[in-house]
Structures are given as C-alpha cells and as structure tokens.
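Chain and residue survey
One letter stands for each residue in the lines below.
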Amino acid sequence: MTGMWFLARRGVRAHRGSMVATSLVLGLAAALLSMTGWLLVAGLSAGADDAHGFELVALSTSFAGTALSLVVLVVAATVTLALRQRRRELALLRAVGATGRQVRRLVDGEVLTVTLVAAPVGATAGIALAWFLRPVLEDAGFVVPHVDPLLAPLPVLGATLLLVPTALGAARIAARESLRLSPTAAVGDSRVESREVGRVRRTAALVLALGGVVVACTPVLIPGTMGAATAATSAFLLVAAAALAGPVLVAWTFDRVSGLGSGGRTSATTRLALANVRGFSRRLTTVVVPLALMLAVGTVQTSVNQAVTLATDQQLTQAVGADLVVTGPAGLTPADVATVGALDDVTVTPLSAVPAQVRTEEDETFGSALSWESTGMRVLPAATSPDVLDPGMVDGSLADLAEPGTVAVSTDARFELGVRLGGTLTWRHDGTVQTSRVVAVYDRGLALGPLLASDEALREAGVTTTPDALLLGTRAPKSVVGALAGTGLLVQDVDAYVQAVADASAAGTRLSSVLVLLLLAFAGIGAANAVVLATAGRRSELLLLRRTGATRRQLLGTTFLEAVVTGASAWTIGALAVLPAVLGATFGLLGPALPAVDLATTGLLSAAVLAIPVVCTLATVARAQRSDSLAGGRDDS
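Once a new chain begins, its residue numbering starts again from 1 and follows that chain's sequence as written. Totals for whole chains, interfaces and linings use all residues, but because this is a predicted model, local features are given only for residues with pLDDT of at least 70 and pairs of side-chain atoms are given and counted only at 80 or more. Think of the side-chain values as coming from all heavy atoms in the structure, minus any hydrogens and water.

All right, on to the overall build of the chain then. Each helix and strand counted, the chain has 24 helices and 10 strands in total. When accessible area is computed with a 1.4 Å probe and restricted to protein chains, residues below 20% of their type maximum are described as buried, those above 50% as exposed, and intermediate ones as partly exposed. Every one of the 637 residues in the chain was classed for burial, and the buried ones make up 49%. Counting contacts in the chain only where the partners sit at least 6 residues apart, residues at least 24 apart contribute 84% of the total. Using a 1.4 Å probe, accessible areas were evaluated by the Shrake-Rupley method; residue-level cover was limited to the displayed protein chains. In the form shown here, the chain has an accessible surface area of approximately 28900 Å², with 62% of it arising from carbon and sulfur atoms. Put simply, DSSP H or I for four residues or longer makes a helix, DSSP E for two residues or longer makes a strand, and each gets a number counted from the N terminus. Any two residues whose heavy atoms approach within 4.5 Å at even a single point are treated as in contact.

Before going further, it helps to examine the pairing of strand 3 (residues 372-380). Here, any two strands with at least 2 DSSP bridges between them count as paired. Taken together, the 8 bridges between strand 2 (residues 346-359) and strand 3 define a ladder with antiparallel strand orientation. Residue pairing across strands places Ser352 opposite Val379, the latter belonging to strand 3. Bridge analysis of strand 3 against strand 8 (residues 451-454) gives 4 bridges, and the strand direction is parallel. Following the sheet pairing, Met377 is matched in strand 8 by Leu451.

Here His429 lies in strand 6 (residues 424-429). Residue His429 is classed as buried on the basis of its relative accessible area of 14%. N or O atoms closer than or at 3.5 Å make up a polar contact, with two conditions inside protein: a donor-capable atom paired with an acceptor-capable one, and, for residues adjacent in sequence, both atoms drawn from side chains. Of note is the side chain of His429, whose polar atom sits 3.3 Å from the side chain of Asp430. Residues in contact with His429, not counting those within four places in the same chain, are Val354, Pro355 and Val463.

Taken together, the side chains of Leu68, Val72 and Leu162 make up a nonpolar region of the molecular surface, amounting to roughly 210 Å² of accessible area. Secondary-structure assignment places Leu68 in helix 3 (residues 51-84). For Leu68, a relative accessible area of 34% puts it in the partly exposed group. Patch membership is restricted to residues that have no salt bridge and whose relative accessible area is over 30%. Joining uses 9 Å for like charges and 5 Å for the nonpolar side chains Val, Leu, Ile, Met, Phe, Trp and Tyr. Within this document, salt bridges are pairs made up of a side-chain nitrogen of Lys or Arg and a carboxyl oxygen of Asp or Glu, the two lying within 4 Å of each other.

The next thing to look at is the pattern of salt bridges. Under the counting rule described, the total for this entry stands at 5 salt bridges. Across the salt bridge formed by Arg414 and Asp395, the nearest N and O atoms sit 3.9 Å from each other. Separated by 19 residues along the polypeptide, Arg414 in helix 16 (residues 411-417) and Asp395 in strand 4 (residues 393-395) bring together distant segments of the chain. For Arg437, the salt bridge is made with Glu403, and the minimal N-O distance between the two is 3.0 Å. Taken together, the positions of Arg437 in strand 7 (residues 432-442) and Glu403 in the loop between strand 4 and strand 5 (406-410) put the pair 34 residues apart, joining distant regions of the chain. By relative accessible area, which is 35% here, Arg437 ends up partly exposed. With a relative accessible area of 40%, Glu403 lands in the partly exposed category.

In this section: the packing of helix 4 (residues 87-95) against helix 5 (residues 100-132). Between the N-to-C directions of two axes lies an angle of 0 to 180 degrees, each axis being a line fitted to C-alpha atoms and, for a helix, fitted only over the stretch in contact. One can describe the packing of helix 4 onto helix 5 by two numbers: an axis separation of 9 Å at closest approach and a directional angle of 145°. In this structure, the crossing between helix 4 and helix 5 has a hand that is right-handed. The residues of helix 5 that touch helix 4, namely those facing Leu90, Leu93 and Arg94, are Gly100, Val103, Leu106 and Val107. A breakdown of the residues in the contact of helix 4 with helix 5 according to their chemical character gives 5 nonpolar, 1 polar and 1 charged. Handedness of a crossing is defined here by the sense of rotation of the near helix relative to the far one, left-handed for an anticlockwise turn of less than a right angle and right-handed for a clockwise turn. Residues were grouped as follows: Ala, Val, Leu, Ile, Met, Phe, Trp, Tyr, Cys and Pro as nonpolar; Asp, Glu, Lys and Arg as charged; and all remaining residues, including Gly, as polar.

So, about the pairing of strand 8. Of the two faces of strand 8, the one carrying Leu451 and Ala453 and the one carrying Leu452 and Ser454 are both buried. The pairing of strand 5 with strand 8 spans 2 bridges and is antiparallel. Directly across from Val409, in strand 8, lies its bridge partner Leu451.

Aromatic pairs are defined between Phe, Tyr and Trp rings, using the six-membered ring for Trp, whenever the two ring centres lie within 6.5 Å; interplanar angles under 30 degrees are classed as stacked, those over 60 as edge-to-face, and all others as tilted. The final tally for this structure, using the stated rule, is 1 aromatic pair. A ring pair is formed by Trp38 and Trp131, whose centres lie 5.2 Å apart and whose planes are at 55°; its orientation type is tilted. One end of the pair, Trp38, is in helix 2 (residues 16-44); the other, Trp131, is in helix 5, and 93 residues separate them in sequence. The exposure class of Trp131 is partly exposed, given its relative accessible area of 44%.

Of the positions making up helix 22 (residues 539-547), those classed as buried are Glu541, Leu542, Leu543, Leu545 and Arg546. A positive phi of about 115° marks Gly549, the residue just after helix 22.

Okay, the packing of helix 22 against helix 23 (residues 552-590) next. Between two packed helices, what matters for the description is the angle formed by their axes and the separation of those axes. Where helix 22 meets helix 23, the closest approach of the two axes is 10 Å, and the angle between their N-to-C directions is 140°. It follows that helix 22 is oblique to helix 23 by the angle criterion. As helix 22 packs across helix 23, the resulting crossing turns out to be right-handed. Between helix 22 and helix 23, the contacting residues are Leu542, Leu545 and Arg546 on the first element and Arg552, Leu555 and Thr559 on the second. Roughly parallel here means an angle under 35 degrees, roughly antiparallel means over 145, roughly perpendicular means 65 to 115, and every remaining angle is called oblique.

Checked against the element boundaries, Val441 lands in strand 7. A relative accessible area of 1% means that Val441 is categorised as buried. Linking Val441 and Ser397, residues 44 residues apart in sequence, is a C-alpha distance of 8.1 Å. The residues contacting Val441, other than those within four sequence positions of it, are Gly392, Met393, Val394, Asp395, Val409, Ser410, Thr411, Arg414 and Leu421.

With 18 residues, helix 9 (residues 199-216) should cover 26 Å at 1.5 Å per step; its first-to-last C-alpha distance of 26 Å lies within 8% of that length. Of all the positions in helix 9, only Ala205, Gly212, Val215 and Ala216 are classed as buried. Taken end-on, helix 9 shows its buried residues confined to a sector of 100°, consistent with a single buried face. Exposed and oriented more than 90 degrees from the buried face of helix 9 are Arg199, Val200, Leu206, Val207, Leu210 and Val214. Expected span of a helix: the number of residues minus one, times 1.5 Å. The directions considered for the arc are those from the helix axis to the C-beta atoms.

Atomic detail in the predicted coordinates should be set aside for any region of low pLDDT. One confidence number per residue, pLDDT, is output by the predictor and ranges from 0 to 100. The share of residues in the chain with pLDDT of 70 or more is 83%, and the mean pLDDT across the chain is 80. Considering each helix and strand of the chain separately, the mean pLDDT is smallest for helix 8 (residues 183-189), with a value of 54, and largest for strand 5, with 92. Below pLDDT 50 for its whole length, residues 633-637 participates in 10 contacts with residues either more than four positions away or in separate chains.

Its place among the elements puts Val480 in helix 19 (residues 477-483). Taking the relative accessible area as the measure of exposure, Val480 reaches 6% and is therefore buried. Every residue in contact with Val480, bar those within four places of it in the chain, is listed here: Leu324, Leu343, Val346, Leu472 and Thr474.

So this is what it looks like as structure tokens:
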C-alpha cells in the first residue's frame, strides 16, 4: 500500500501539467459547492422563528441542484480528459505485469491526492465568496444570520465529500478502457479510440434522453412555476445523454459528412480534420460536454427568469381591474388611507401583505427550519369585486374568505404544499401558529402570491394588517390624480403600477444574474480547461504530422477546423438540449406562446461556445510550435 501511494505521488509530479488543470477545476467546483453549503448552514443555524433563515435555506437548496449537476458533469469531463492522455502509460503498466487492480489503485491514489489538496483550498475560498455576496443578498431582501465560527468547516467538509466520489468515479471509468483489453492489445490500441459504447452505456443514454423529453413535458400535467422549473432540468438530462452516446453520434454524423466531403473538391487539411474528429470521437465528446453545458445553463436560467417575469406582468395586468392604484414611498399610513377614502365618488379597496411561514413538513427531525417555508399572504376585503381584483378563481370564491379561519391558495401552492379544497393549512405569523381551512383556489399566484386571506378573517385571528396599496374605482381618474397631487402619494394607472412592481423586483433579478454568472464562469473555465487539456494531450500526434511533412500553416489549419467542428458540435448539442426545456417552461408559465428566450444572453453564449475551442486550441498549438516539441518538420516556405 505504501509503495502504491509512493507511485501515485510520483505520477502526480510527473504529470503536473494535466494535474494542475484538474486541480483548478476541482478547486473551483469546491468553491461553488462550499459557497452554497455556507448559505445553507447560515439558514439552518438561524433561530426557529427567524424568517431570514427560511429564505436562505430555500435559496441555497434551489441553487444547489443546478450547481451540483453542473459540477458533476464538468469534473467528470476534466478528470476523464486528464487520464485519457495516459492510456498508453496505463497500457504499458499492464504489459509489464501490473494487474488491473494495481492500475486502478494507482489511478485512484493520484486522483485522490489531487482532490484532497485542491478541494479544501477551493472550498475555503468559497466561504470567502459567500461573504462577498452579502451586499447582493441584502439588496434582494435577504439577511444573512450570524454563523458560529465552529460551523465554518462544515461546508468545506461537505464540498470535499461530494467531490471525492465524483472524481474517483470518473477516474475509474476513464481507466476502464485500457483495463478491459489484454496488455499487448492495449499497447497496440493506445493510439486508437473505439467508436463503440457498451450496452449499459447505450441503455443509460437512451433512458436519460427519454427522461429529458418526459421531464420537458411536465408542464402539460403540472402548469405553473413547479412545472416550468421541472421542465428546465430536462436540459441537464439531455446533455448527459449526449455525453454517454457521444462517440456513436459523432461517428454516425461524420461518417456521412466525410462521405460528402470526399474527393478532390476538399483540401487535405479539411479531410485530415474530419478524419481526426471521426477517429477520436470520445475525445471530442468529452470536450463538447462542458461547452454544451455552458450554453444550456445560461440559456435555460435566463429564459426561465424571463418567462417568470412575463407571466407575472401578464397575471398582474389581468388581475387588477381598478382604474387607479395608490401607493406610498414608504408604505401607507392610516392618515393616507383616510385621505383617499374621503374623496367623492371613489371606491377604495385596500390591499395588504403579511409575512408568514407555512408548515411543509410535520416531522421536525432535521430542525424546524426545514419544516417551515417563508412566504407572503395577500390580504383584501372578502367583498372585493372581481371587477376590481380578479385572482382567477378556479374553485370557491372571495366571499368564502369572510369566514374566520379560512384561506385561499394558488394553484402552484396547492401542488407544492399538498393541500386541497376543504383541507387545512398550518401557518404562523409573529410566532403565533394558525390553522386555516382552504376555501378557494386561484390561478394568478405569480401576481398575488401563494396565499390569500380576508381582512375579516385575519382580524378575528388577531393579525394586524397595514395596506400597502389602494385600488380605486372612479369615473374621473384625472380629477382623483389632481386631488392627490400634493399629498406625496403615488397615483398610477394599472400599466404604470405593473411596471413599478417589476422595477421593485429588479434587485431579486440581480441576485439571480449574479448566481447565473457564477455558474457560467465555472462552466466556461471548465470548458476552456478541457480544450487545453485535449489539445496538449495531442502533442505526439502533432509532432508526427510535422515530421511527416505538414507545414505549420497546415497544422494550424487542421486544428482550426477541428476546433470549429468542436464548437459547432457543442452548440448543436446545447441548443437541442435547451429547446425542450424552454418550450416546456414557456408553456407552463405563459401557455401556448412563442418561446421566452433571452436573445442577448443566448447570442453571447453562442459566440463564447464557438470562440473558446478556436482560441484555446490555436493558442495551445502555437505555444507548442514555439517549444522544442514541435520544432521538427518543414518550414512554411
């Protein structure tokens, strides 16, 4: 065992170039996971009645799913590329008598050494990154509770424990190709990649692809935010399916492309580039995955955000039927309400918002923070006319809310909380637990929130409400605006009010944008790292081309075309993976409509996916040409 660890450490030093690249990705992955874990720990360490803790738990858990999926795929691709360069070395070890178990232990030792060094360092930086996020979190309305310094190691430990099996699993799969062959066959085959994939891998790819399509269709059965969020995850399943079936897809595609491009009409550079792509389909697939993920993550996240914004504006416009909406710069005081109520020929409907926590789990084994979810309750008079405010009732009516101990839930909340019409809902406000009967279900939850209650019912429960908006019905809107001109109140029509609500939620959008940028930065660095690793691993191949007569211009031309093919393949896979997710999310939030796509972000990401392989490949080849490794061969002249 000691000798094997000695060889593992020597192997890390001997291949420090690829190991440094792998360490970079592992460190960044650990930082991303640790940052998420620190936010989760901060939320869980808050008091049982601290609403800010609930909000942080919800934020960290929702972000963790996307971050973890991205980390697993990018880390697996990086480790696979780093070890794929050493197929010949592993084959030689087998040829000189090393058993498969010894080779696996050697590979495990090297990967474990790198992971145990890089992950804690990156995870520690992730905690610092979480602290830098505090201003953005506060702008979005989050308050980070104080965290006991003794809990700080938990995110570091959690990130390391998640990365170790991920890296070891990828290392085992990468080493498996050489171990499945006999030692002599492995040496002879070390420069040729098999285009076939095993039955298990084919089956897994098919299951993931079908699962991605099924998940993308979820909004057909579960409309709303839950269905849209579920549909968005289909992009990861489809990218993972393409990663498993990549060698077969590449071989099938470029067999036909090369057939069309054969003959005297294409240059030798083009034919060689296509032959390299077709012959090294596994290498291409491994490089394509991080690039496709970068396009998929950015497009899906921004498109879903855009769909939510459009749906919220649409629902709010449809819900508010009043002629004018009155708000105050810092809320409304009783004097403001009295001033507006004193106007002639004006009907006033006050709207209030009450912060609340809803019980989602009866079991509090893992703490009360996971059993309650922070939300908001919109409060209005039970006699409110649908002409003034129409929640889009599916079952029941607003008049039913006049009874004490009643509440209405949105269609999204009904599904998420598992409640039904006539059932009960447990919630609390200011530490007082209430149990209300669900008497109505409405559809416009994005605009009005997940819960509706009446002033009468909350007054009976001892909950005090303060209006934050007044809905006015009048035949003379201009006269009302003039009468309130000197009061300091903001009087708007419905369109202006909807726009003001959208502007007020911009801080939350900025937080979402920052989190998406962190994901994209990780995916982009991982993609660039994969391209550099794959190109650097071809040094002997490029040297052979130089020695057999290829000029530097031909070498650059060949690798340029291969890089273009890599970028185009990644863009195609990413676009095909994103399309079902965007269509599903749009249908779930907006119904039958044109896909809600953030064209500016998608365009920038598309350009990056096409540019990263070209820039990184040419830079790596040019650097190799300036070194002694590619000094041989003919001059361009």
